[in-house]
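Fold and contact review
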Amino acid sequence: RLKDMIAVYAGAVEGAAAEICAIPDYFDIDTAIGGQLTIIGKRLGWPRAHCVCVTSPVFGFACGGAASPYEIAGFCDPASTWVGCGDVGAGMLTLSDDAVYRAFLKVRRYQALGLYDVASLTASVQTMWGASASVITTPQSVGTVTLAPGRVLSAYETTILPLALRVMPVAPGIRPMV
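From a predicted model like this one, the values you see are computed outputs, not experimental measurements.

Here the focus is the pairing of strand β6 (residues 144–148). Among the 5 residues that make up β6, 4 are buried, leaving the element largely enclosed by the rest of the structure. Bridge analysis of strand β5 (residues 134–136) against β6 gives 3 bridges, and the strand direction is antiparallel. Bridge pairing in β6 places V135 opposite L147. When β6 meets strand β7 (residues 175–177), the two strands line up parallel, connected through 3 bridges. Within β7, the residue paired with T144 across the bridge is R175.

Two numbers describe how helix α3 (residues 98–112) lies on helix α4 (residues 118–129): the axes approach to 9 Å, and their chain directions differ by 175°. As judged from the angle between their axes, α3 and α4 are roughly antiparallel. Packed against α3, whose contacting residues are A103, F104, K106, V107 and Y110, the element α4 presents S120, A123, S124, T127 and M128 at the interface. Its residues assigned to classes, the contact of α3 with α4 shows 6 nonpolar, 3 polar and 1 charged.

With that settled, the discussion passes to the nonpolar core. The biggest cluster of nonpolar side chains holds 30 residues, and the ones touching the most others in it are F104, W129 and M168. At the level of elements, α2 (35–44), α3, α4, β6 and α6 (161–167) are the ones that each hand at least two residues to this core. By residue number, the principal contributor to this core is α3, which donates 5 residues. Not counting residues within four places of it along the chain, the set of residues in contact with W129 comprises L147, P149, R151, L153, E157, L161, A164, M168 and V178.

What counts, and where the lines are drawn
- One numbering rule holds for all chains: residues counted from 1, following each sequence as written.
- Per-residue local features of the predicted model are confined to residues with pLDDT of at least 70, and side-chain atom pairs are confined, for both listing and counting, to 80 or more; whole-chain, interface and lining totals are unaffected and use all residues.
- Heavy atoms from the whole structure form the basis of all side-chain values; hydrogens and water molecules are not counted.
- A 1.4 Å probe rolled over the protein chains alone gives each residue an accessible area, and that area as a share of the maximum for its type sets the label: buried under 20%, exposed over 50%, partly exposed in between.
- Numbering of helices and strands runs from the N terminus; a helix is a DSSP stretch of H or I covering at least four residues, while a strand is a stretch of E covering at least two.
- Two strands pair if DSSP finds at least two bridges between them.
- Lines fitted to C-alpha atoms define the axes, with helix axes restricted to the stretch in contact, and inter-axis angles between N-to-C directions lie between 0 and 180 degrees.
- We call two directions roughly parallel when the angle between them is under 35 degrees, roughly antiparallel when it is over 145, roughly perpendicular when it lies between 65 and 115, and oblique otherwise.
- We call two residues in contact whenever any of their non-hydrogen atoms come within 4.5 Å of each other.
- Residues are grouped as follows: nonpolar covers Ala, Val, Leu, Ile, Met, Phe, Trp, Tyr, Cys and Pro; charged covers Asp, Glu, Lys and Arg; every other residue, Gly included, is treated as polar.
- Residues belong to one nonpolar core when they are buried, are Ala, Val, Leu, Ile, Met, Phe, Trp, Tyr or Cys, and are joined through side-chain atoms within 4.5 Å.

In structure tokens:
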């Protein structure tokens, strides 16, 4: 009976050990979702919600798909205002899409490790915006680095652009430009 009892208890301990050993797999940055990804972000010092400067949308019309520096609103949007008359203030921007947040966390790893070299910055912009993105450094622009997405950014990507610039591994004292 003692041998059977020991076997039952040892089996329970073995099952618990297997469950504990599987926990790190749930917190892999490539496969984590939802709350698990949020916990990884907190550990990396990059939460889902950030305070950003927000502006009101302006009244206007889309011009044949041309990019605009403003968020355009039409007749039916009561929050729209005229260019130059808009309110500017602080607001919260939340990265609720897991794929977007995962890209930010992958880029944050470079920044957290202090990898400020051009190769790391290039890998970061390509993680954020795709393989066509690049980093442009010129001797004439001392103290700045240009991050080229290599394509037209979507409206959502333009909205989260301030966060993308914050997370990029750009050395202190260097100003990133897009």
